[in-house]
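Here is how the chains run, residue by residue.
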Amino acid sequence: MGVLQLLKSQFVCHLVICYVFLFSGLVINLLQLCTLPLWLVDKQLARRINVRLGYCISSQMVAALEWWSGTECTLYTDPKSFPLYGNENAIVVLNHSFEIDFLCGWTFCERFGVLGSSKVLAKKELSYVPVIGWMWYFLEIVFCKRKWEEDRRTVAQSLQNLHDYPENFWFLLYCEGTRLTPKKHQVSMQVAESKGLPKLKYHLLPRTKGFWVTVQNLRGTAAAVYDSTLNFRNNETPTLLDILNGKKYHADLYVRRIPLESIPEDEAECAAWLHKLYQEKDSFQEHYTQTGRYPGPTVSPPRRPWSLINWLFWACLLLYPLGLLVAQLISSGSILTILASVALCSAASLGVRWMIGQTEIGRGSSYGDKEVPLNNN
C-alpha cells in the first residue's frame, strides 16, 4: 500500500470529506429555500438556479468516485449515438446490481453535462432527508410511495411538470424497483415462472407499470431511452466505503440509444417490450461474464474538472473556520470542552457510517422480498 493510498484510508480524511459534504449541503439547501419567492416571479430562472445548486451537492459524490478513488469508466456505445448524449432529454434505464450503481449513473450524467438536471424516481421518504432529499425536492424529482393506485396519478403529474423544463435532463430509472439480491432474485424468478416469462440470470423482473407511465408522460419531451447495463472488471463489487477508502475500480457501461417513438404506446405491448429488453440486457451481462467486455466499440469520455473544482471551493470555504475552531479548542486547555469535541466527532463518525450503511446491499429495501408485491406488477 502506497503512502497516498494509506492516507486515503485514514478516518480523519473520511471525516473531512463528509464534513464538507454535509455542511455545504445544508448551506446549499438554505440557498435553495431562498429561491422559493423566485418561483412565483420567474419559474424558469428558479429552475436554472436550482440545477446549479443541486450540482454543487451531487458533484461532490461524483468527485469522490472520479478523483478521490480514481475509478475509470469505459463506455460501449454506437458512435452515431454518442454525439446525442447530453444534447437531448432521455430516459436512462439502469440495472440495479451494485451498491454504487446510482453513483455510476450520476457519473454518466456528469460526463455529458446533465448531472445538475438529472432526475430519478425515488421513495417519498427520501424527500425529508436533509441535503440529498431536500436538494431533490427543489430539483422536482419524482417521488413515489410504492402504492400503485396513489402513485399513478402523482407520478404522472410530476412527469408532466417536466414538459417545459429549461435544460436538457436525463430521467434515471431502475425498472427492477429494488437492488438485486439472491433472495429477491429467487422470488422474482418464481413470479416469472408463474407468469410464463423467461427467467433472467442477472436481473429481477422489471416493473412494467412505472416504466409505461414514465414513457407515456415524457412522450414529446424525451427523445430516447438509453438502455444502460453496468458491470465492473474482475468481478469486483465496489461499495461506497471502498470509494471513501480511495480504492480504484474500472467500470464498463453498455449503452444503447432507442428512439422513444419505437416503444409501443399500449400498456400491454409496452410491458412485453420491456420484458424483451431485460432479456437482452441479461444476454449482454452473460456476454460480459464470458468475455470480460460488452459488444461493440468503446469510448472513454474524459473527466470534467468541475466536480473537483466545486469540492475544492467548498473545502476551502468550510475547513478554514473548522481549523480556527480546533485551534481554539486546543489552546483553551479545557478538558470538558475537548471531551465534548471528541464526543461530537464520535457521533459524526457514527452518523457517517450509518449513511454509508444505507447503501449496502444487505441493508437495502425489503421491497421485492415477497411474492405478492411482485405479482401486482
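Check the entry above for the structure.
It should be emphasised that the depicted structure is a prediction, and the values quoted were computed from it without experimental measurement.

Conventions and cut-offs
As a convention, each chain's residues are numbered from 1 in the sequence order in which they are written. Residues qualify for local features only when their pLDDT is at least 70, as the model is predicted, and side-chain atom pairs are given and counted only at 80 or more; totals for whole chains, interfaces and linings, by contrast, use all residues. For side-chain calculations, the full set of non-hydrogen atoms in the structure is used, while hydrogens and water are omitted. Axis definition: a line fitted to C-alpha atoms, limited for helices to the stretch in contact. Angles are taken between N-to-C directions and run from 0 to 180 degrees. Each helix is a run of DSSP H or I of at least 4 residues and each strand a run of E of at least 2, with the numbering of both proceeding from the N terminus. For classification purposes, angles smaller than 35 degrees are called roughly parallel, those larger than 145 roughly antiparallel, those between 65 and 115 roughly perpendicular, and all remaining angles oblique. Crossing handedness is read from the near helix: turned anticlockwise from the far helix by less than a right angle, it gives a left-handed crossing, and turned clockwise, a right-handed one. The contact rule is simple, with two residues in contact once any of their heavy atoms fall within 4.5 Å. Three categories are distinguished: nonpolar for Ala, Val, Leu, Ile, Met, Phe, Trp, Tyr, Cys and Pro, charged for Asp, Glu, Lys and Arg, and polar for the others, with Gly belonging to the last. Classification of ring pairs uses Phe, Tyr and Trp, with its six-membered ring standing for Trp, and accepts pairs whose centres are within 6.5 Å; under 30 degrees between planes counts as stacked, over 60 as edge-to-face, and the remaining range as tilted. Note on classification: 1.4 Å probe, protein chains only; a residue is buried when its accessible area is under 20% of the maximum for its type, exposed when over 50%, partly exposed between these limits.

## Looking at the packing of helix 2 (residues 11–34) against helix 4 (residues 43–68)
With their axes 8 Å apart at the nearest point, helix 2 and helix 4 run at an angle of 165° to one another. In terms of orientation, helix 2 and helix 4 fall into the roughly antiparallel class. You can see that helix 2 and helix 4 cross each other, and the crossing is left-handed. Between helix 2 and helix 4, the residues in contact are Cys13, Ile17, Val20, Phe21, Ser24, Gly25, Ile28, Asn29, Leu31 and Gln32 and Asn50, Leu53, Gly54, Cys56, Ile57, Gln60, Met61 and Trp68, respectively. A class-by-class count of the residues in the contact of helix 2 with helix 4 yields eleven nonpolar, seven polar and no charged.

## Looking at the environment of Val215
Among the secondary structure elements, Val215 is positioned in helix 9 (residues 208–218). Through-space distance from the C-alpha of Val215 to that of Val225 is 8.8 Å; in sequence the pair is ten residues apart. Ignoring any residue separated from it by four or fewer positions in sequence, one finds Val215 in contact with Ile91, Leu260 and Ile263.

## What to know about the packing of aromatic side chains
Applying the stated criterion to the full structure yields 21 aromatic pairs. Here the aromatic rings of Phe82 and Phe112 are separated by 5.4 Å at their centres, their planes lie at 70°, and the arrangement is edge-to-face. A residue pair is termed long-range when its members are at least 10 positions apart, and Phe82 in the loop between strand 1 (72–77) and strand 2 (90–94) and Phe112 in the loop between helix 5 (101–111) and strand 3 (119–123) qualify at 30 residues. By relative accessible area, Phe82 is classed as partly exposed at 27%. An angle of 75° between the planes, with centres 4.7 Å apart, marks the rings of Tyr254 and Phe284 as edge-to-face. Within this pair, whereas Tyr254 is found in strand 7 (residues 250–259), its partner Phe284 is found in helix 11 (residues 267–291), the two being separated by 30 residues in sequence. Each member of the aromatic cluster is reached from another via a ring pair, and the members are Phe82, Tyr85, Phe108, Phe112, Trp170 and Tyr226.

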